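Results of the structural survey
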Amino acid sequence: MFQILSPEGIVDKEKLIETGLKWSDCLAIYKTMVFTRVFEERMTAEARWDHMPLYVSPRGEEGAEIGSAYALGENDWIFFYARYHGAAFMKGVSVNSMLKYFYGIPDLEITK
């Protein structure tokens, strides 16, 4: 495993070139990682306040799940489980659908 990006930018340009990823790819992955972390922090707070019946944190797993989901093709599937928020976000599942999932509200949109 190696680091290509940091908040300041590209860490290792040669490794970035070797991956075949473009700067726009890395930016999309990084933005989804940050978004997932913010979502996780908000949902952890909700769970602490007993406003949510179920919440399992994916903290620390963002890179693995989001990077894996990014590598999938348009017709590939992911099977969501409680700690896989980032992959779902990377594949276009909405925050609204994710919240419904954690509150136990059926949502057919999440199967898109």
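So, here is what we can say about the structure in this document.

The rules behind each value
Residues numbered from 1 in each chain as written. Predicted model: local features only at pLDDT ≥ 70, side-chain atom pairs only at ≥ 80, totals over all residues. Heavy atoms only, no water. Helix = DSSP H or I, 4+ residues; strand = E, 2+ residues; numbered from the N terminus. Buried < 20%, exposed > 50% of the residue type's maximum accessible area, 1.4 Å probe, protein only. Contact = heavy atoms within 4.5 Å. Areas by Shrake-Rupley, 256 points an atom, 1.4 Å probe, with all protein chains shown as cover. Patch = residues over 30% accessible without salt bridge, like charges linked within 9 Å, V, L, I, M, F, W, Y side chains within 5 Å. Salt bridge = Lys/Arg side-chain N within 4 Å of Asp/Glu carboxyl O. Arc of directions from axis to C-beta. Core = buried A, V, L, I, M, F, W, Y, C linked by side-chain atoms within 4.5 Å. Phe/Tyr/Trp six-rings, centres within 6.5 Å; stacked < 30°, edge-to-face > 60°.

**Focus: the overall build of the protein chain**
Broken down by element type, the protein chain carries five helices and two strands. Helices (α) and strands (β) of the protein chain occur, in sequence order from the N terminus, as β-β-α-α-α-α-α. Burial status across the protein chain gives 33% buried among its 112 residues. When contacts within the protein chain are restricted to residue pairs at least 6 apart in sequence, those whose partners lie at least 24 apart make up 39%. Here the protein chain displays about 7,600 Å² of accessible surface, and carbon together with sulfur accounts for 57% of that area.

**Let's talk about a nonpolar patch on the surface**
On the surface, Ile10, Trp23 and Leu27 cluster together into a nonpolar patch covering about 260 Å² of accessible area. Among the secondary structure elements, isoleucine 10 is positioned in strand 2 (residues 9–10).

**Quick notes on helix 5 (residues 95–102)**
Turn by turn, an α-helix covers 3.6 residues, leaving residues three or four places apart pointing in a common direction. Turning to helix 5, its buried residues number three or more, namely Ser97, Met98 and Phe102. Angular distribution of buried residues about the axis of helix 5 spans 135 degrees; they occupy a single face of the element. Looking one or two residues beyond helix 5, the residue adopting positive phi is glycine 104, at roughly 75 degrees.

**A few points about the nonpolar core**
One finds Phe39, Met43, Ala88, Phe89, Val93, Met98 and Phe102 forming the largest nonpolar core, which totals seven residues. Residue assignment for this core shows that the elements contributing at least two residues are helix 2 (23–48), helix 4 (85–90) and helix 5. Not counting chain neighbours up to four residues away, the residues in contact with phenylalanine 39 comprise His85, Phe89, Val95, Met98, Leu99 and Phe102. In this structure, Ile29, Tyr84, Ala87 and Met90 belong to the second largest nonpolar core, which totals six residues.

**Side note on the packing of aromatic side chains**
A full pass over the atoms with the stated rule returns two aromatic pairs. Both rings, one in phenylalanine 35 and one in phenylalanine 89, keep their centres 4.9 Å apart while their planes meet at 85 degrees; by these two values the pair is edge-to-face. Of the two residues, phenylalanine 35 is situated in helix 2 and phenylalanine 89 in helix 4; the sequence distance between them amounts to 54 residues. Among the residues examined, phenylalanine 35 registers a relative accessible area of 38% and is labelled partly exposed. Ring geometry for phenylalanine 39 and phenylalanine 89: centres 5.1 Å apart, planes at 80 degrees, overall edge-to-face. Here phenylalanine 39 is found in helix 2, whereas its partner phenylalanine 89 is found in helix 4, with 50 residues between them in sequence. In this structure, phenylalanine 39 and phenylalanine 89 share a single accessibility class: buried. The rings of Phe35, Phe39 and Phe89 are connected pair by pair, giving a single aromatic cluster.

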